[in-house]
Amino acid sequence: MSFYSSKTLPKLLVKDFNLCHTLLCGQLFRVKKIDAWFYVIVKNRILKVRQSSPETLEYHGADKRFLIDFFALDEPYDDIIAHIDKDSHMTRAIKKFHGLRIVRQDPWECLISFICSAAANIPKIQLNLENLSEYFGEKVKLHGLEWHIFPGPGQLNNYKRIVMAKTGFRAKHIKAVNDTVDHSFLSFLNKLPYPEAKKALTQLPGVGSKIADCVLLFSLGFSEAFPIDTWIKKILQELYFKNKTISNGELHAFGRNYFGKYAGYAQQFLYMLAREKK
DNA sequence: CCGCAGGCCCCAC
DNA sequence: GTGGGGCCTGCG
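Keep in mind it's a predicted model, so treat the numbers as computed, not measured.

K.L.:
Requested: an account of helix 10 (residues 194–202), with residues and values cited.
P.N.:
Every buried residue belonging to helix 10 is among Tyr 194, Ala 197, Lys 198 and Leu 201, and all of these are buried. In a view along the axis of helix 10, the buried residues occupy a sector of 100°, so they form one face of it. Looking at the buried side of helix 10, the elements it contacts are helix 9 (183–189), helix 11 (209–219) and helix 13 (248–259).

What follows is the structure, encoded as structure tokens:
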């Protein structure tokens, strides 16, 4: 595909970072693995990256500063782990998935992604996002391949095409959100306290407690957000409630109180535990 | 006794 | 997953 050997690519020294865990923990969907490399479509760029050793990232398509921000490498990892390491279950998860990070993805794409996630699975979400990008997003060529940038707010302006992207009942939510939400609304949420930001998001059609928490956690820096999906529900009930059925509201309150200001990281570790048992 | 807020279940989307 | 309806409960 390229005459350049990997030796010519820049390297970034990393600590407490695992690329696979970070890219494959269900927070991002536009990730492709080709040979030994991951290709991640982030905003208007195609990031090509691999972890050639535990402490080395080789990359192309972005600069160092971008990588540090996107992968949240400036977060105090030891501190985060110390906060959520409350019991033997978490200790095990933290050890097993060490280096998992919560990325800082684009809030708009994150919002649409998780609207697509309602009653779906990961391959289906990926299909929806690929289709939406192909139908509405700008095309770019890189590494001999064609890629589509994710369409911005206002660009998802054709209901029929949104339906053609196989979004099903989510199509009307996507169209409505496209017509009412812009970048400034989303960046404004950053400045609000968690409860207010969440309330503003759940005002949007197709966005309830879970999806709001995903957007807050994965794109707006609210590390205390604690999304309850079916996987988390199952594992929380199993590990902390002797398999008793607990309402989502109660599980949410439990997670936030028990794990504290980095509850969202705890949620991701638990998600990984739940998925590997599948 | 009656009315409404809050919690929960159900089901179409 | 969400949202809206139906239904039960509890307090005023």
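Next, the rest of the story.
K.L.:
Before we move on, could you go through the domain arrangement of chain A and cite the residues and values that matter?
P.N.:
Here chain A is described as being made up of domain 1 (11–86), domain 2 (107–219) and domain 3 (230–276). Distance between the C-alpha centres of domain 2 and domain 3: 25 Å. Between domain 2 and domain 3, the contact holds six residues from the first and seven residues from the second. With both chains or domains summed, domain 2 and domain 3 bury close to 410 Å², and 63% of this area falls on carbon and sulfur atoms. Taken together, the links from domain 2 to domain 3 amount to zero salt bridges. Linking domain 2 to domain 3 there are three residue pairs in polar contact (both at pLDDT 80 or more). Here the element with the most residues in the side of domain 2 that touches domain 3 is helix 11; it accounts for three residues.

K.L.:
Quick rundown of the packing of helix 10 against helix 11? Include the residues and the values.
P.N.:
At a closest axis distance of 9 Å, the pairing of helix 10 and helix 11 adopts a crossing angle of 120°. The pairing of helix 10 with helix 11 is recorded here as oblique in orientation. Of the two possible hands of crossing, helix 10 and helix 11 adopt the one that is right-handed. Residues Tyr 194, Ala 197, Lys 198, Leu 201 and Thr 202 of helix 10 form the contact with helix 11, whose participating residues are Ser 209, Ala 212, Asp 213, Val 215 and Leu 216. Its residues placed into classes, the contact of helix 10 with helix 11 shows six nonpolar, two polar and two charged.

K.L.:
Break down the packing of aromatic side chains for me, citing the residues and quoting the values.
P.N.:
Centre-to-centre distance and the angle between the planes together describe a pair of aromatic rings. Counting across every chain of the model gives 15 aromatic pairs. For the pair Tyr 240 and Phe 259, a centre-to-centre distance of 6.3 Å together with 85° between the ring planes defines the contact as edge-to-face. Taken together, the residues Tyr 240 in helix 12 (residues 230–240) and Phe 259 in helix 13 connect sequence positions 19 residues apart. For Tyr 240, a relative accessible area of 19% gives the class buried. Take Phe 259: its relative accessible area is 1%, and that puts it in the buried class. Measuring from centroid to centroid gives 4.8 Å for Tyr 258 and Phe 259, while their planes differ by 70°, and the two rings are edge-to-face. Joined through ring pairs, the aromatic side chains of Phe 226, Tyr 240, Phe 241, Phe 254, Tyr 258 and Phe 259 make up one cluster. One Lys or Arg, Arg 170, reaches over the ring of Phe 169 and ends 4.2 Å from the middle of that ring.

K.L.:
Mind laying out the sheet that holds strand 2 (residues 31–34), listing which residues take part and the relevant values?
P.N.:
An order of 1-5-4-3-2 is seen for the five strands of this open sheet, with the pairing classed as antiparallel. Unpaired on one side and paired on the other, strand 1 (11–13) and strand 2 mark the two borders of the sheet. The sheet shows a mean angle of 30° between the axes of neighbouring strands, direction not considered.

K.L.:
With reference to specific residues and values, describe the protein's contact with DNA strand C.
P.N.:
In the vicinity of DNA strand C there are 13 residues, among which Phe 169, Gly 208, Ile 211, Asp 229 and Thr 230 approach most closely. What you see for DNA strand C is that sugar and phosphate hold 76% of its atoms within 4 Å of the protein. Here a phosphate oxygen of DNA strand C and a backbone polar atom of Gly 208 are 2.9 Å apart. The greatest single-element share of the surface near DNA strand C, amounting to three residues, is contributed by helix 11. Broken down by class, the residue content of the surface near DNA strand C amounts to seven nonpolar, four polar and two charged.

The rules behind each value
- Residues numbered from 1 in each chain as written.
- Chains lettered and ligands numbered in written order.
- Predicted model: local features only at pLDDT ≥ 70, side-chain atom pairs only at ≥ 80, totals over all residues.
- Heavy atoms only, no water.
- Buried < 20%, exposed > 50% of the residue type's maximum accessible area, 1.4 Å probe, protein only.
- Helix = DSSP H or I, 4+ residues; strand = E, 2+ residues; numbered from the N terminus.
- Arc of directions from axis to C-beta.
- Contact = heavy atoms within 4.5 Å.
- Domains from an automatic or database assignment.
- Buried area = accessible area lost by both parts, 1.4 Å probe.
- Salt bridge = Lys/Arg side-chain N within 4 Å of Asp/Glu carboxyl O.
- Polar contact = N/O pair within 3.5 Å; in protein donor to acceptor, adjacent residues only side chain to side chain.
- Axes fitted to C-alpha atoms, helices over the stretch in contact; angles between N-to-C directions.
- Parallel < 35°, antiparallel > 145°, perpendicular 65-115°, else oblique.
- Left-handed = near helix turned anticlockwise from the far one by under 90°.
- Nonpolar A, V, L, I, M, F, W, Y, C, P; charged D, E, K, R; others polar.
- Phe/Tyr/Trp six-rings, centres within 6.5 Å; stacked < 30°, edge-to-face > 60°.
- Lys NZ or Arg CZ within 6 Å of the ring centre and 35° of its normal.
- Pairing = 2+ DSSP bridges.
- Near = heavy atom within 4 Å.

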